[in-house]
Amino acid sequence: MANKEENGDNSRKGAPTKSIADLFKKLSIQEQPESPKKDMKDYKFWKTQPVTKFDESVLQEGPIDSSKKTSDIPKEPFPMLPQFEWVTLDIDKDEEMTQLYELLYDHYVEDHDSTFRFAYNKDFFNWALKPPGWNKEWHLGVRVKATKRLVAFISGVPANLKVRDHQFRAVEINFLCVHKKLRNKRLAPLLIKEITRRINLCDIWQALYTSGTVLPSPITVCRYAHRPLNWEKLYDVGFSALPEDKTKAQMMAKFAISSSTKTRGLRKMRQTDIDAVFDLYNRFQKRYEVSQEFTKEELSHWLLGDAHERTLSDSDKVIMCYVVENEDGRITDFFSFYILPFSVLNRPSFTNLGVAYLYYYASDTASEAESRFDSEATKKLTKRLESLVSDALVLAKNVGVDVFNALTSQDNVLFLEDLKFGPGDGFLNYYLFNYKAFPVPGGFDKTTNTYDTEKRSGMGVVML
Ligand SMILES: CCCCCCCCCCCCCC(=O)SCCNC(=O)CCNC(=O)[C@H](O)C(C)(C)COP(=O)(O)OP(=O)(O)OC[C@H]1O[C@@H](n2cnc3c(N)ncnc32)[C@H](O)[C@@H]1OP(=O)(O)O
């Protein structure tokens, strides 16, 4: 397993100042799960919301408050502070898309010395915010009345969730952001209440969201892992450091990636594969405790992107999906990853750092096994996932990705260590709004601080 040293934390030689784990932590994607949380009574906003309390033991799964009907929901927006106004952002308009991009670029991330930033772009937002059934009303912003400047945002997209045997309509909430100068003024609770109102009016009462911040109460916590693909560049931009006892050549050799893929029958997914991929996805995801039930149209969007995305060259794509077609023409596996680069500031030699995130995958391998945890089935699946994800690393590197990230969710812990993903320092909390659920394994063991290959994770959903 690549440890902190190998990823460069703490033991530094020369210029680099950050490690991969450190950087992603600073970018506030994550936070230690043990980070001090307040007493429940001090969550002035969250204690008023239908969420599981920290010390509450869940006896039965299901909605927390199912008493409300759409007719009970106010038709008018919540009152806004006098200098500000609500705005429903129209990201089909270039100007409004740019405002969103600028807000998030400057204020969403928290790299303290501002060397790296998420390089969001229009294609990414079109993919992330406009899946089938998207609702403009759920792209909610706040503007300064006098200048019309966009200073806060929150978004929701529709999702059908399955928590164990229960399926329900929900939304996924993402990109909550308040301008740095307006922090700690209770704008976030207002945004959350207003988006809840707009979603409730559509007769939807549950939501899934993730955050690095500890809130009442995570249903699971997953850990990030990082796999350097271009160690030398990561070193040059100050992203990775050189351990005292290693040479640059040794580090490059350690993280070397072959230039071609190995799986026979591997090719890009096409629209015509959707029936087979849909079937594979459903059979594979059934094995998890929390999953998302897609329509074929939704799955096409999430794996192939929208019509515009499909015309982009590989190096500009946001989402990439590959299938394995066997000799009989049957699709046996698929995997996907999405790309969200960082801008590198103050470094003349590089302007961008390619970052990919493992997304959905499925395999026929061992699918006939009665239990997900059957030992023979696990062995076979481990081997298969190792080959598939190795190929994903090759493909990502070929389109300019420098570091490949994965969580400990899905079945990822089966291959992370062997494929040299270094465990990150940070964690991602998953939350359900207005739904009580038993805890879900997150894929790492807090007591031994290792990937939990025994229980693995029950979280099948990948959030952006
Ligand atoms: C049915 C439909 C339901 C739909 C809604 C479902 C719920 C969706 C929930 C949202 C899911 C978002 C998913 C993502 O996008 S997670 C990404 C969050 N964004 C960032 O980290 C970007 C940088 N940070 C910021 O822009 C601000 O610091 C934010 C906006 C995060 C808070 O702004 P600010 O720092 O100026 O604070 P405040 O004075 O306005 O408000 C303070 C209150 O806000 C609570 N707080 C702090 N951080 C978060 C957080 N990440 N999720 C939920 N609540 C959070 C905090 O505990 C306190 O409440 P309480 O402690 O007093 O109780």
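Everything numeric here is computed off the predicted structure, so don't read it as measured data.

Definitions and limits used
- Residues numbered from 1 in each chain as written.
- Predicted model: local features only at pLDDT ≥ 70, side-chain atom pairs only at ≥ 80, totals over all residues.
- Heavy atoms only, no water.
- Near = heavy atom within 4 Å.
- Polar contact = N/O pair within 3.5 Å; in protein donor to acceptor, adjacent residues only side chain to side chain.
- Areas by Shrake-Rupley, 256 points an atom, 1.4 Å probe, with all protein chains shown as cover.
- Helix = DSSP H or I, 4+ residues; strand = E, 2+ residues; numbered from the N terminus.
- Nonpolar A, V, L, I, M, F, W, Y, C, P; charged D, E, K, R; others polar.
- Patch = residues over 30% accessible without salt bridge, like charges linked within 9 Å, V, L, I, M, F, W, Y side chains within 5 Å.
- Salt bridge = Lys/Arg side-chain N within 4 Å of Asp/Glu carboxyl O.
- Lys, Arg positive; Asp, Glu negative; His and termini not counted.
- Charge placed at Lys NZ, Arg CZ, Asp CG, Glu CD.
- Core = buried A, V, L, I, M, F, W, Y, C linked by side-chain atoms within 4.5 Å.
- Buried < 20%, exposed > 50% of the residue type's maximum accessible area, 1.4 Å probe, protein only.
- Contact = heavy atoms within 4.5 Å.
- Phe/Tyr/Trp six-rings, centres within 6.5 Å; stacked < 30°, edge-to-face > 60°.

Q: Would you mind going over the site of the ligand with me for this structure?
A: Around the ligand sit 35 residues, and of these Lys 38, Leu 176, Asn 184, Arg 186 and Ala 188 come closest. Interatomic distance of 2.6 Å between a side-chain N/O atom of Lys 38 and an oxygen atom of the ligand. Contact with the protein chains removes 91% of the 1,200 Å² of surface that the ligand exposes when unbound. Residue assignment for the shell around the ligand shows that the elements contributing at least two residues are strand E6 (166-178), helix H5 (187-200) and strand E7 (207-211). Per element, the largest residue contribution to the shell around the ligand is 7 residues, and it comes from H5. A per-class count over the shell around the ligand returns 20 nonpolar, 9 polar and 6 charged.

Q: I tried to follow a positive patch on the surface on my own but got confused; where do I start?
A: Together, Lys 38, Lys 44, Lys 47 and Arg 186 make up a positively charged patch on the protein surface. Structurally, Lys 47 can be placed in the loop between helix H2 (20-26) and strand E1 (62-63).

Q: Sorry, what's going on with the nonpolar core here?
A: Within soluble globular proteins, side chains that are nonpolar generally end up buried alongside one another. Within the largest apolar cluster, 106 residues are counted, with the highest numbers of intra-cluster contacts made by Phe 124, Phe 334, Phe 337, Phe 404 and Phe 421. The dominant element in this core, judged by the number of residues it contributes, is helix H11 (residues 375-398), at 9 residues.

Q: I'm lost on helix H9 (residues 296-304) in this one. Help?
A: The buried count for H9 comes to 7 of 9 residues, which makes it a mostly enclosed element. Of all the residues in H9, the buried ones are Glu 298, Leu 299, Ser 300, His 301, Trp 302, Leu 303 and Leu 304. Residues of H9 that are buried sit in contact with helix H4 (122-129), helix H8 (274-285), helix H10 (307-311), strand E11 (319-325), strand E12 (331-339) and strand E15 (355-363). One or two steps after H9, the chain reaches Gly 305, where phi turns positive at roughly 85 degrees.

Q: Mind showing me how you'd approach the packing of aromatic side chains here?
A: Geometrically, a pair of aromatic rings is defined through the distance of the ring centres and the angle of the planes. Enumeration according to the criterion identifies 36 aromatic pairs in this entry. An angle of 65 degrees between the planes, with centres 4.9 Å apart, marks the rings of Phe 45 and Trp 46 as edge-to-face. As far as the burial class goes, Phe 45 and Trp 46 line up, both buried. Measuring from ring centre to ring centre gives 5.2 Å for Tyr 120 and Phe 125, while their planes differ by 25 degrees; the resulting arrangement is stacked.

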